[in-house]
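Coordinates in review
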Amino acid sequence: KVSSGIGDSNGIEFWDYTGVNKRCQIDGHGIKFNSDTAAANALDDYEEGTWTPAIRSGGGTITTIFGAAYTKIGRLVHIQAYIQYNGSGNGNAFQISGLPYNAINHGYSAQVVDFGRGGKKGAYSRSHPGNNFLEFLYSSESTSSDRITIKGNQIGASYIIFSNTYQTS
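Note that residues are indexed from 1 along each chain, following the sequence as it is written. Local features in this predicted model are restricted to residues of pLDDT 70 or higher, and side-chain atom pairs are both shown and tallied only at a pLDDT of 80 or more, whereas totals for entire chains, interfaces and linings draw on every residue. Excluded from the side-chain calculation are hydrogens and water; included are all heavy atoms of the structure.

Let's shift gears to the packing of aromatic side chains. Within 6.5 Å between ring centres, the rings of Phe, Tyr and Trp (the latter by its six-membered ring) count as paired, and their orientation is classed by plane angle as stacked under 30 degrees, edge-to-face over 60, tilted in between. This structure, assessed with the given rule, holds 7 aromatic pairs. Where W51 meets F162, the ring centres are 6.3 Å apart and the plane angle is 70 degrees; that geometry is what we call edge-to-face. Here W51, found in the loop between strand 5 (46-50) and strand 6 (54-57), pairs with F162, found in strand 14 (residues 158-167); they are 111 residues apart in sequence, far enough to count as distant. Here W51 and F162 have matching classes, each one buried. Between the aromatic rings of F66 and Y82, the centroid separation amounts to 4.6 Å while the plane-to-plane angle is 35 degrees, which identifies the pairing as tilted. Taken together, the positions of F66 in strand 7 (residues 59-73) and Y82 in strand 8 (residues 76-93) put the pair 16 residues apart, joining distant regions of the chain. Under the scheme used here, helices are H or I runs from DSSP no shorter than 4 residues and strands are E runs no shorter than 2 residues, and both carry numbers assigned from the N terminus. Burial classification: accessible surface area is computed with a 1.4 Å probe over protein chains only, and a residue below 20% of its type maximum counts as buried, one above 50% as exposed, and the rest as partly exposed.

Written as structure tokens, this is what we have:
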């Protein structure tokens, strides 16, 4: 059953085959599921695309991007990338920029990362509040020495596979 609502629920409502249970409605706020009428719970954005990772800090170069994609659902952004990294670093914190959206100003998100062929184990990527880059760290960040710095040929010619899910405003 399909019907149209009035007021804040002005839009189209979809009901189950009995006409008793509302499954969703589409209105000016977006898609709301079941009997939810709160504008804050409406799904109002969905997007898929690609992004271009770039070295922001730490040196070296990205020689090949095998894949870098994102999915945005509402305020939640999930990115993933598989890149070929080459070169020696300059000893600064290793950061990759180019995220499709800036992270929210008041939060971090962390995900595991795979530095292939000789890279350090137990590393993770962390979004930076209010910015469009990830910083890479070891499993404990109790001191500044836990930031991954590429010195000399620590990673060398290697792949880096990572993903991260963060919020945007």
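All right, on to unusual backbone geometry then. One non-glycine residue with positive phi stands out, namely N34, at about 55 degrees. Take N34: it is sitting in the loop between strand 4 (30-33) and strand 5.

Candidates for patches are residues over 30% relative accessible area with no salt bridge; among them, like charges are joined within 9 Å and nonpolar side chains (Val, Leu, Ile, Met, Phe, Trp, Tyr) within 5 Å. For accessible areas, the Shrake-Rupley method is used with a probe of radius 1.4 Å. Any residue's cover is judged against the shown protein chains and nothing else. By definition, a salt bridge exists where a carboxyl oxygen of Asp or Glu is found within 4 Å of a side-chain nitrogen of Lys or Arg. A cluster of nonpolar side chains, contributed by I12, F14 and I26, occupies part of the molecular surface with about 230 Å² of accessible area. You can see F14 is positioned in strand 2 (residues 11-15).

Turning our eyes to something else, we now look at the nonpolar core. W51, I79, F136, I160 and F162 are the most contacted members of the largest nonpolar core, which has 20 residues in total. Here this core takes 5 residues from strand 8, the largest share from any one element. By definition, residues are in contact when any of their heavy atoms lie within 4.5 Å. Beyond its immediate chain neighbours, meaning those up to four positions away, F162 contacts W51, I79, Q80, A81, I83, I96, V112, V113, L134 and F136. Nonpolar core, defined: a set of buried Ala, Val, Leu, Ile, Met, Phe, Trp, Tyr and Cys residues in which side-chain atoms within 4.5 Å join the residues together.

We now examine the environment of S169. Inspection of the secondary structure puts S169 in the segment after strand 14. On a C-alpha basis, the gap between S169 and G74 in space is 9.3 Å, while along the polypeptide they are 95 residues apart.

Moving on: the pairing of strand 14. Only one face of strand 14 is buried: it carries S158, I160, F162, N164 and Y166, and the other face, with Y159, I161, S163, T165 and Q167, is open. For two strands to be treated as a pair, DSSP must find at least two bridges joining them. Alignment of strand 10 (residues 110-115) against strand 14, held across 3 bridges, turns out to be antiparallel. By the bridge assignment, D114 is partnered in strand 14 with I161.

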